[in-house]
Amino acid sequence: MIKQVTRHIVQNEPLLFEQSSPGKKGYQLPALDVPESDPEKVLGRENVRDEIDGFPEVSEFEALRHFTRLSTWNYAIDLGLYPLGSCTMKYNPRINELVARTEGVAWAHPYQPESLSQGCMEVIAALESALAEITGMDAVTLQPAAGAHGEFTGILMIRALLESRGNARKKILVPDSAHGTNPATAMMVGYTVENIKSNDRGMVDLGVLERVVTEDVAGLMITNPNTVGVFEENIRKICATLHDKGALVYMDGANMNALVGVARPGDFGVDVMHLNLHKTFSTPHGGGGPGSGAVAVAKVLTPFLPGPRLKREGDKWHWNYDLPQSTGRVRAYYGNFGVLVRALAYIMAHGGNGLRQATLDALLNANYIRTLLEPYYELAYKAPSMHECVFSDDRQAKHGIRTGDVAKRLIDYGFHPYTVSFPLIVRGAMMIEPTETEGKRDLDAFIDAMISIAKEVEETPELVAKAPHSTRTLRVDEVTAARKPVVRWIPRSTASQAAD
Ligand SMILES: *Cc1c(COP(=O)(O)O)cnc(C)c1O
């Protein structure tokens, strides 16, 4: 049964559009003391918006209350465990925020002259070198704004290197356990994708790999530890197999939370990889907020890095644009700078030993959950887990309950759900990543909830099938929401007309 029930003021909140009354304003301006001018004449026709139908008119206080109330509906890492596998939702130490809000850093402008930007350039240089050391690679770019963007940048560089050798080649190999962004990236860069099947331990099958690596293959995109939370134990041989045929190895480093301070991709043969600074190196993330998909490369790829690159001249930093082989910019300015500051603060506050300890604690937490839930849920692969563990809903499916139902029931217990139905190679996947920042008390509460749900599935499956029972919005029709999304507010008076 639910142990911790929280009852507090629950404020329901209509849409801002529904609170509107004509003529209300959130501002009061003094009377005009200059002649009134026509905005279209001053700003140009194209820069003046027409009246927006039904635009909400509310007071300042109504707008403030509206958004404050909505903010209380959110689940957040600062409220409780956020066990989304692959996402690495860890606590964001507040020292990062303090540093990122330092006046000279927070107010720096990307068009500031170099002479006034030396401190910010130093931050970029220090972070690049820390990440090069952590990954065992030769150079790092901080331009890409997200993991997927880093993948794109990395594969673009592989393509540029192969082109410089005379043949860009045709295919990128992607294991069947990969994140969906991997094949999408390969296609975006103009390659076709060949899927490779994992073996029964959830790893790349060397025999299969050897057969498919031909002269047509530009590279392999591999996640390590992979998305079933298992370390690819043949990673050196995998890299050698690709290199023997003149192909390259891209590592999706979204799971670096399992490796930092313990193993370095550069040492086991990876040519290029991205880091999700917004996962491994804290930074509040989720909901599409700013991120950073820093890309680290081995020496062969350094000439192809996006420009400009930092260069030291005497005792000053300087942006170097003279990079004849560069793939070019992938983003305006120098990346999401605020995220970079937070990542550097995180790395420096932890230090080498602290980062290593964080990794070991993440592994310990995931294995604690794995061990205590194994009697209740079917473990997808028996190989040792790293920083996350993946179960399937096989046992619950016998009672008609699937992974999505268990996830919805978790909400009633006060937890954010785990990752549902990913990775795709596990039927009914339940992917759980606790991260190092959770203490035993929170882990135990989560484990108790999962065990309690497993029992409910056997005794009262209908309760789980209809979950959640305690939320503002109960179960929604996800199929219709995906197939016929309504993403625009339509005034109630005309809604029925529009639906016709
Ligand atoms: C999160 C993630 C990505 C994509 O990163 P974004 O920053 O969301 O673009 C890619 N691969 C894996 C394994 C991930 O977990």
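Because the structure is a prediction, the values reported are computed rather than measured. (Residues numbered from 1 in each chain as written. Predicted model: local features only at pLDDT ≥ 70, side-chain atom pairs only at ≥ 80, totals over all residues. Heavy atoms only, no water.)

### Some details on helix α11 (residues 337-373)
Then, in step 1: Taking 1.5 Å per residue, 37 residues should reach 54 Å; α11 reaches only 40 Å between its end C-alpha atoms and comes up short.
Then, in step 2: In α11, a bend of some 100° at Gly351 exceeds every other bend along the element. (Helix = DSSP H or I, 4+ residues; strand = E, 2+ residues; numbered from the N terminus. Expected span 1.5 Å × (residues − 1). Bend = angle between axes of the 7 residues up to and from the residue.)

### Topic: the site of the ligand
Then, in step 1: In the vicinity of the ligand, the residues found are Ser86, Ala146, Gly147, Ala148, Glu151, His179, Thr181, Asp252, Ala254, Asn276, His278 and Lys279.
Then, in step 2: At 2.8 Å, a backbone N or O of Ala148 approaches an oxygen atom of the ligand.
Then, in step 3: Here an oxygen atom of the ligand and a side-chain polar atom of Lys279 are 2.8 Å apart.
Then, in step 4: In isolation the ligand offers 380 Å² of accessible surface; the protein chains occlude 85% of this area.
Then, in step 5: When residues of the shell around the ligand are assigned to their parent elements, the largest contribution, three residues, is made by helix α6 (residues 147-164).
Then, in step 6: In terms of residue class, the shell around the ligand is built from three nonpolar, six polar and three charged. (Near = heavy atom within 4 Å. Polar contact = N/O pair within 3.5 Å; in protein donor to acceptor, adjacent residues only side chain to side chain. Areas by Shrake-Rupley, 256 points an atom, 1.4 Å probe, with all protein chains shown as cover. Nonpolar A, V, L, I, M, F, W, Y, C, P; charged D, E, K, R; others polar.)

### Considerations on the layout of surface pockets
One simple way to see leftover space: roll a probe sized like a water molecule over the atoms.
Then, in step 1: Size it by volume and the second largest pocket reaches roughly 410 Å³.
Then, in step 2: What lines the second largest pocket is a set of 22 residues, among which Ala108, His109, Pro110, Tyr334 and Phe337 lie closest to the centre.
Then, in step 3: Classifying every residue of the lining of the second largest pocket gives 13 nonpolar, six polar and three charged. (1 Å grid on protein atoms, 1.4 Å probe; cavity = no way out; pocket = protein on both sides within 12 Å on 5 of 7 lines; lining within 4 Å. Points joined across faces, edges and corners; volume = space filled by probe spheres on them.)

### Focus on the domain arrangement of the protein chain
Then, in step 1: According to the domain assignment, the protein chain consists of domain 1 (94-350) and domain 2 (359-499).
Then, in step 2: Between the C-alpha centres of domain 1 and domain 2 there is a distance of 30 Å.
Then, in step 3: Taken together, the 24 residues of domain 1 in the interface contact 20 residues of domain 2.
Then, in step 4: With both sides pooled, the region where domain 1 packs onto domain 2 buries about 1500 Å², and carbon together with sulfur makes up 63% of that total.
Then, in step 5: At the junction of domain 1 with domain 2, the criterion picks out five residue pairs in polar contact (both at pLDDT 80 or more).
Then, in step 6: Within the side of domain 1 that touches domain 2, the residues separate by chemical class into 11 nonpolar, 10 polar and three charged. (Domains from an automatic or database assignment. Contact = heavy atoms within 4.5 Å. Buried area = accessible area lost by both parts, 1.4 Å probe.)

### Some remarks on the pairing of strand β5 (residues 248-252)
Then, in step 1: Of all five residues in β5, five are buried, a share of seventy percent or more.
Then, in step 2: Side chains Leu248, Tyr250 and Asp252 of β5 all project onto a buried face; the interleaved residues Val249 and Met251 project onto the opposite face, where all are buried too.
Then, in step 3: In this structure, strand β4 (residues 217-223) lies alongside β5, joined through five bridges in parallel fashion. Bridged to Leu220 within β5 is Val249.
Then, in step 4: Taking the sense of rotation as the criterion, the β-α-β connection linking β4, helix α9 (residues 235-244) and β5 turns out right-handed.
Then, in step 5: With three bridges connecting them, β5 and strand β6 (residues 272-274) associate as parallel partners. (Buried < 20%, exposed > 50% of the residue type's maximum accessible area, 1.4 Å probe, protein only. Pairing = 2+ DSSP bridges. Right-handed = clockwise from strand over helix to strand, strands pointing away.)

### Some thoughts on the environment of Pro384
Then, in step 1: Structurally, Pro384 is set in the loop between β10 (378-379) and β11 (389-392).
Then, in step 2: Residue classification places Pro384 among the exposed positions, given a relative accessible area of 57%.
Then, in step 3: With 354 residues separating them in the primary sequence, Pro384 and Pro30 have C-alpha atoms 69 Å apart.
Then, in step 4: In this structure Pro384 touches Arg201, Gly229, Val230 and Arg370, once residues within four positions along its chain are discounted.

### Description of the pattern of salt bridges
Then, in step 1: Taken as a whole and assessed by the stated rule, the structure comprises 24 salt bridges.
Then, in step 2: Between Arg264 and Asp267 there is a salt bridge whose closest N-O contact spans 2.9 Å.
Then, in step 3: Arg264 gets classed as partly exposed once you look at its relative accessible area, which sits at 32%.
Then, in step 4: Taking the relative accessible area as the measure of exposure, Asp267 reaches 41% and is therefore partly exposed.
Then, in step 5: Across the pair Arg427 and Asp394 runs a salt bridge whose closest N-O atoms are separated by 3.1 Å. (Salt bridge = Lys/Arg side-chain N within 4 Å of Asp/Glu carboxyl O.)

### Observations concerning the sheet that holds β11
Then, in step 1: As summarised here, the arrangement of the four strands in space is β10-β11-β13-β12, forming an open sheet in which the pairing is antiparallel. The open sheet has two edge strands with one neighbour each: β10 and β12 (419-420).
Then, in step 2: Bridge count between β12 and strand β13 (residues 430-432): two bridges; the pairing is antiparallel. The partner of Thr419 across the bridge, within β13, is Met431.
Then, in step 3: In the packing of α11 onto the sheet, the strands contacted are β10, β11 and β13, and the crossing angle to β11 comes to about 25°. (Axes fitted to C-alpha atoms, helices over the stretch in contact; angles between N-to-C directions.)

### A word on empty space enclosed by the protein
Then, in step 1: By the definition in use, this model includes four cavities of 30 Å³ or more.
Then, in step 2: What lines the largest cavity is Ile124, Glu128, Thr141, Leu142, Gln143, Pro306, Pro308, Arg309, Leu310, Trp319, Tyr333 and Tyr334.
Then, in step 3: Taken together, the elements giving at least two residues each to the lining of the largest cavity come down to α5 (118-135) and β8 (309-313).
Then, in step 4: Along the lines of polarity and charge, the residues of the lining of the largest cavity split into eight nonpolar, two polar and two charged.
Then, in step 5: Put simply, the second largest cavity is a space of about 50 Å³.
Then, in step 6: Residue lining of the second largest cavity: Lys90, Met256, Asn257, Val260, Thr280, Phe281, Tyr346, Leu355, Ala358 and Thr359, and that is the complete set.
Then, in step 7: It is α11 that provides the largest number of residues to the lining of the second largest cavity, a total of four residues.
Then, in step 8: In terms of residue class, the lining of the second largest cavity is made up of six nonpolar, three polar and one charged.

### Focus on the side chain of His66
Then, in step 1: Residue placement: His66 occurs in helix α2 (residues 60-71).
Then, in step 2: What makes His66 buried here is its relative accessible area of 5%.
Then, in step 3: Among the polar contacts made by the side chain of His66, one reaches the side chain of Gln19 at a distance of 3.3 Å.
Then, in step 4: Beyond its immediate sequence surroundings of up to four residues, His66 is in contact with Glu13, Pro14, Leu15, Leu16 and Gln19.

### Some points on the side chain of Thr241
Then, in step 1: Here Thr241 is to be found in helix α9.
Then, in step 2: Given a relative accessible area of 12%, Thr241 falls into the buried group.
Then, in step 3: From its side chain, Thr241 meets the backbone oxygen of Lys237 in a polar contact 2.6 Å long.

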